[in-house]
Amino acid sequence: MKFVFWNLSNYIYNMNIKLLAIGKTDNKNLQLLIAEYEKRLAHYVKFDLDIIPDIKNVKNLSETQQKEKEGELILKRVNPTDILVLLDENGKQFSSIDFSDYLQKKMNASTKQLVFVIGGPYGFSDTIYKTAQGKISLSKMTFSHQMVRLFVVEQIYRGFTILRNEPYHHK
C-alpha cells in the first residue's frame with residue numbers, strides 16, 4: 001500500500017478571489033505595497049486585482065448617473081456564478097480572525113470566485129446593491145479608495161495565514 005502525504009505549505013486553495021476597483025492607484029508606494037501582498041497571496045489562492053478605468057467627463061454627470069455607469073462597468077466584469085461582496089461603510093465588520101473564518105466558509109461552500117468590489121467616490125448604484133450577496137466594512141472611518149485596496153489585499157493575505165496557522169498574525 002502506498003501512502004500519499006500532502007504538503008500543505010504548497011497547497012493553493014481552489015477558490016479564486018478578485019478585487020474590483022474603480023480608477024487607478026496614482027501613488028507608487030501604494031502600488032508597490034499592493035504588489036507585494038499580491039505576490040504573497042499567490043502562495044495561497046488565485047488572486048486578481050481588476051482595475052476599472054475612471055469614467056470620462058464625470059463633471060457632466062450627477063452622482064446617481066456616475067454610480068449607474070460604474071455599476072454597469074462592474075457588472076460586465078462579474079460572472080453570474082460569482083459571489084459579489086461590496087466594501088461598504090454599512091457592511092458587516094470583522095476581526096481578522098472572523099474574516100479568515102468568512103473566507104473558510106466561502107471555500108467550504110465551493111465558491112468558485114469571490115469578488116470584492118471597491119466602488120467609486122459616491123459608492124454603488126442600487127443595481128449593484130441588489131446584485132451583491134454581501135457587504136463588508138473595513139472600519140467606521142472613511143479611507144481613500146487607494147488605501148482601501150491595500151487594506152483589503154493585506155487582510156485577505158492575513159486571513160490565509162491565519163487559516164494555515166502561520167506566524168504572520170498575532171493574537
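Residues numbered from 1 in each chain as written. Predicted model: local features only at pLDDT ≥ 70, side-chain atom pairs only at ≥ 80, totals over all residues. Heavy atoms only, no water.

### A look at the layout of surface pockets
Phase 1 of the analysis: Of the voids in this model, the largest pocket is the one considered here, and its volume is about 420 Å³.
Phase 2 of the analysis: Taken together, 23 residues make up the lining of the largest pocket; nearest its centre are L87, D88, E89, F143 and H145.
Phase 3 of the analysis: Secondary-structure elements contributing two or more residues to the lining of the largest pocket are β3 (83–93), β5 (134–137) and α5 (145–163).
Phase 4 of the analysis: Of all the elements, β3 adds the most residues to the lining of the largest pocket, at 4 residues.
Phase 5 of the analysis: In terms of residue class, the lining of the largest pocket is made up of 11 nonpolar, 9 polar and 3 charged. (1 Å grid on protein atoms, 1.4 Å probe; cavity = no way out; pocket = protein on both sides within 12 Å on 5 of 7 lines; lining within 4 Å. Points joined across faces, edges and corners; volume = space filled by probe spheres on them. Helix = DSSP H or I, 4+ residues; strand = E, 2+ residues; numbered from the N terminus. Nonpolar A, V, L, I, M, F, W, Y, C, P; charged D, E, K, R; others polar.)

### Re the packing of helix α1 (residues 28–41) against α5
Phase 1 of the analysis: Contact geometry of α1 with α5 gives a least axis separation of 9 Å together with a crossing angle of 20°. Taken together, the axis directions place α1 and α5 in an arrangement best described as roughly parallel. As for the relative orientation of α1 and α5, their crossing is left-handed in sense. Where α1 approaches α5, its residues L30, L33, I34, Y37, E38, R40 and L41 are matched on the opposing element by Q146, M147, R149, L150, V153, E154, I156, Y157 and F160.
Phase 2 of the analysis: Its residues placed into classes, the contact of α1 with α5 shows 11 nonpolar, 1 polar and 4 charged. (Axes fitted to C-alpha atoms, helices over the stretch in contact; angles between N-to-C directions. Parallel < 35°, antiparallel > 145°, perpendicular 65-115°, else oblique. Left-handed = near helix turned anticlockwise from the far one by under 90°. Contact = heavy atoms within 4.5 Å.)

### Focus: a nonpolar patch on the surface
Phase 1 of the analysis: A cluster of nonpolar side chains, contributed by L138, M141, F143 and M147, occupies part of the molecular surface with about 350 Å² of accessible area.
Phase 2 of the analysis: In this fold, L138 is placed in the loop between β5 and α5.
Phase 3 of the analysis: On the basis of relative accessibility, which here comes to 35%, the residue L138 falls in the partly exposed class. (Patch = residues over 30% accessible without salt bridge, like charges linked within 9 Å, V, L, I, M, F, W, Y side chains within 5 Å. Areas by Shrake-Rupley, 256 points an atom, 1.4 Å probe, with all protein chains shown as cover. Salt bridge = Lys/Arg side-chain N within 4 Å of Asp/Glu carboxyl O. Buried < 20%, exposed > 50% of the residue type's maximum accessible area, 1.4 Å probe, protein only.)

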